[in-house]
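Here is what each chain is made of, one letter per residue.
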Amino acid sequence: MNIAIANRLVALRKANGLSQEALAEKLGLSRQAISKWERAEASPDTDNLMALAQLYGITLDDLLSAETGAPVPGEKAQDAEKAAEKPSETALQKKAGAMFKFPFPLLVVILYLALGFIGNLWHPTWLLGLLVPIYYHLAGALKVQKPKARLLAMPVPEAVLLLYLLLGFLLHLWHPAWLLFLLIPLYYWLVASFFKPKADAENGENKQK
């Protein structure tokens, strides 16, 4: 027996949820005989091949079709179960996907050039460039499933920097606008310290009970 067929026998056994001992018991053989088949050290005779095909609900040709790449019975069902276990995409994640596809940097460049050439507003409209990292960091945060992790991924530092520069250039409030930067560590501390996922909250309540 070649190694490809031996591997197929292993795959078929596992796909049907059988151990070597359980398969040996069904066939009236020893576990060592099954082990030798699966290590390609021996080949099952015709009667055992037919018994295996009947046990797995396949034809003898399918049983020996390792070279053709025929699927192992049960693999599709297992793949479907794995797919079902994966969490479905939320509305926020779909929105994030649409944001990534949208050519936001191109829009910013066009807007900046239009304001520059038409209104001679080269300054402070260059600040529009800061919207690009804010935009993509926001989209990335929306992709995160866990609410707490999503909040921690928000573009808070970039937004604070943009607001500080706007207040400085437009209103000359460099002071006390620099105090806005204190909001950054405060934000992360509040999220990390006080935001508890629902599961954690429930676990805490159960422990108290």
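Residues numbered from 1 in each chain as written. Predicted model: local features only at pLDDT ≥ 70, side-chain atom pairs only at ≥ 80, totals over all residues. Heavy atoms only, no water.

For the protein chain, the name recorded in an unreviewed UniProt entry is Helix-turn-helix transcriptional regulator, with Candidatus Fimenecus excrementigallinarum as its organism.

Chemist: How would you summarise the side chain of Asn48 if you had to cite specific residues and measurements?
Modeler: Mapping Asn48 onto the fold places it in helix H4 (residues 46–56). The class of Asn48 is buried, set by a relative accessible area of 14%. Each residue touching Asn48, except ones within four places of it in the same chain, is listed here: Leu29 and Trp37. (Helix = DSSP H or I, 4+ residues; strand = E, 2+ residues; numbered from the N terminus. Buried < 20%, exposed > 50% of the residue type's maximum accessible area, 1.4 Å probe, protein only. Contact = heavy atoms within 4.5 Å.)

Chemist: Could you give me a rundown of helix H2 (residues 20–27), with the residues and numbers involved?
Modeler: Regarding H2, the residues found buried are Gln20, Leu23, Ala24 and Leu27. One side of H2 carries all its buried residues, which in axial view fall inside an arc of 100 degrees. Projecting away from the buried face of H2 at angles above 90 degrees are the exposed residues Glu25 and Lys26. Within two residues after H2, Gly28 carries a phi angle of roughly 75 degrees, on the positive side. (Arc of directions from axis to C-beta.)

Chemist: Now, about helix H7 (residues 91–101): what can you tell me, with residues and values included?
Modeler: Among all positions in H7, only Gln93, Ala96, Gly97 and Met99 are buried. Taken down its axis, H7 places every buried residue within 160 degrees of arc, on the same side. Looking at H7, the residues exposed on the side facing more than 90 degrees away from the buried face are Ala91, Lys94, Lys95 and Lys101. Buried positions along H7 lie against helix H10 (131–143).

Chemist: For the UniProt feature "transmembrane region" (unreviewed entry) in the protein chain, give the residues involved together with the corresponding values.
Modeler: Within the UniProt annotation, "transmembrane region" (unreviewed entry) is assigned to residues 102–119, 125–144, 151–171 and 177–195. The straight-line gap between the two end C-alpha atoms of residues 102–119 is 26 Å; of that span, 89% is helix and 0% is strand. The span residues 151–171 carries 86% helix and 0% strand; its end-to-end C-alpha distance comes to 30 Å. (UniProt positions renumbered as here; feature names shortened; annotations may be inferred.)

Chemist: Please provide a residue-by-residue account of the packing of helix H12 (residues 156–171) against helix H14 (residues 183–194), values included.
Modeler: At a closest axis distance of 10 Å, the pairing of H12 and H14 adopts a crossing angle of 155 degrees. As the angle between them shows, H12 and H14 are arranged roughly antiparallel. As H12 runs across H14, the sense of the crossing is right-handed. Residues Val156, Pro157 and Val160 of H12 touch H14, and the partners they reach there are Ile184, Tyr187 and Tyr188. (Axes fitted to C-alpha atoms, helices over the stretch in contact; angles between N-to-C directions. Parallel < 35°, antiparallel > 145°, perpendicular 65-115°, else oblique. Left-handed = near helix turned anticlockwise from the far one by under 90°.)

Chemist: Go over the confidence of the model for the protein chain with me, naming the residues and quoting the values.
Modeler: Across the protein chain, the average pLDDT comes to 84, with 82% of residues at 70 or higher. Note that pLDDT drops below 50 for residues 198–209; the model gives that stretch zero contacts with residues more than four away or on any other chain. (pLDDT = per-residue confidence, 0-100.)

Chemist: Would you mind going over unusual backbone geometry in detail, with residue names and values included?
Modeler: Cis geometry marks the peptide bond from His123 to Pro124, where omega comes out at 10 degrees. Tracing the backbone through its elements, the reader meets Pro124 in helix H9 (residues 122–125). In this model, His175 is joined to Pro176 through a cis peptide bond whose omega is 15 degrees. Mapping Pro176 onto the fold places it in helix H13 (residues 174–177). Of note in the backbone geometry, His172 takes a positive phi value of approximately 55 degrees without being a glycine. Along the polypeptide, His172 turns up in the loop between H12 and H13.

Chemist: Which residues make up the packing of aromatic side chains, and what are the values?
Modeler: Scanning all chains against the criterion turns up 11 aromatic pairs. Considering the side-chain rings of Tyr164 and Phe181, the 5.0 Å spacing of their centres and the 65 degrees angle between planes classify their relative orientation as edge-to-face. Of the two residues, Tyr164 is situated in helix H12 and Phe181 in the loop between H13 and H14; the sequence distance between them amounts to 17 residues. Taken together, a centroid distance of 5.4 Å and an interplanar angle of 75 degrees make the contact between Tyr187 and Tyr188 edge-to-face. Overall, Tyr188 belongs to the partly exposed group, its relative accessible area being 24%. (Phe/Tyr/Trp six-rings, centres within 6.5 Å; stacked < 30°, edge-to-face > 60°.)

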